[in-house]
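Spelled out from the first residue to the last, the chains are:
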Amino acid sequence: VQLVESGGGLVQSGGSLRLSCAASGFTFSTYDMSWYRQAPGKERELVATITSAAGSTNYADSMKGRATISRDNAKNTVYLQMNSLKPEDTAVYYCKAQRVYAFRTYNYWGQGTQVTVSS
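Turning our eyes to something else, we now look at the overall build of the protein chain. Along the backbone of the protein chain there are zero helices and eleven strands. Listing every helix and strand of the protein chain by position from the N terminus yields β-β-β-β-β-β-β-β-β-β-β. Here the protein chain has a C-alpha radius of gyration of 14 Å; the compact-globule value for 119 residues is 14 Å, and the two agree. Across its three principal axes, the protein chain shows a C-alpha extent of roughly 45 × 25 × 25 Å.

Below is the structure:
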């Protein structure tokens with residue numbers, strides 16, 4: 001199982017970034033996918049989730065209206081488009097795959113990609 005994030009970098013306040021997470025080693029289409037972030041000295045927090053079946057989405061209040069999560073099951077990839085970025089969005093962003101099946105929970109994490117927003 002592998003999740004590889006990309007697309008992070010340094011951007012000015014008000015700018016945009018599109019993160020990608022390429023998955024392999026499991027049946028991507030059957031997993032809910034999420035983006036989390038962790039800033040220095042803070043706990044990891046959920047940014048957005050997209051479900052496997054209906055593709056329903058959910059966002060943290062801090063990202064509503066500024067982020068869009070999407071997935072391409074043909075490419076085994078989940079995306080996070082972030083706009084109007086703020087310095088407080090600076091963090092390492094991780095993607096996560098999760099599924100509950102036969103009373104077991106399966107969670108897989110990527111290694112993270114750094115997003116730095118300068119003021």
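Moving on to the pattern of salt bridges. Summed over the entire model, instances satisfying the criterion amount to four salt bridges. For Arg37, the salt bridge goes to Glu45, with nearest N and O atoms at 2.6 Å. With a shortest N-O distance of 2.9 Å, Arg37 and Asp89 are connected by a salt bridge. Placement of the pair is Arg37 in strand 4 (residues 32-38) and Asp89 in the loop between strand 8 (77-82) and strand 9 (91-101), with a sequence separation of 52 residues. Among the residues examined, Arg37 registers a relative accessible area of 6% and is labelled buried. Under the relative-accessibility criterion, Asp89 is labelled buried at 0%.

Attention shifts here to the packing of aromatic side chains. This structure, assessed with the given rule, holds six aromatic pairs. Ring geometry for Phe26 and Phe28: centres 6.5 Å apart, planes at 50°, overall tilted. Assigned by exposure class, Phe26 and Phe28 land together as buried. Grouping aromatic residues by their ring pairs yields a cluster made of Phe26, Phe28, Tyr31 and Tyr108. Above the plane of the ring of Tyr79 lies Arg18, whose end atom (NZ or CZ) is 4.0 Å from the centre.

Once that is clear, we can look at unusual backbone geometry. Phi is positive for Asn76, which is not a glycine, with a value near 55°. With a relative accessible area of 27%, Asn76 lands in the partly exposed category. One non-glycine residue with positive phi stands out, namely Ala102, at about 50°. By the secondary structure assignment, Ala102 is in the loop between strand 9 and strand 10 (104-109). A residue is classified by how much of its surface remains accessible, and Ala102, at 55% relative accessible area, is exposed.

The rules behind each value
Residues numbered from 1 in each chain as written. Predicted model: local features only at pLDDT ≥ 70, side-chain atom pairs only at ≥ 80, totals over all residues. Heavy atoms only, no water. Helix = DSSP H or I, 4+ residues; strand = E, 2+ residues; numbered from the N terminus. Rg over C-alpha atoms; globule rule 2.2 N^0.38 Å. Salt bridge = Lys/Arg side-chain N within 4 Å of Asp/Glu carboxyl O. Buried < 20%, exposed > 50% of the residue type's maximum accessible area, 1.4 Å probe, protein only. Phe/Tyr/Trp six-rings, centres within 6.5 Å; stacked < 30°, edge-to-face > 60°. Lys NZ or Arg CZ within 6 Å of the ring centre and 35° of its normal.

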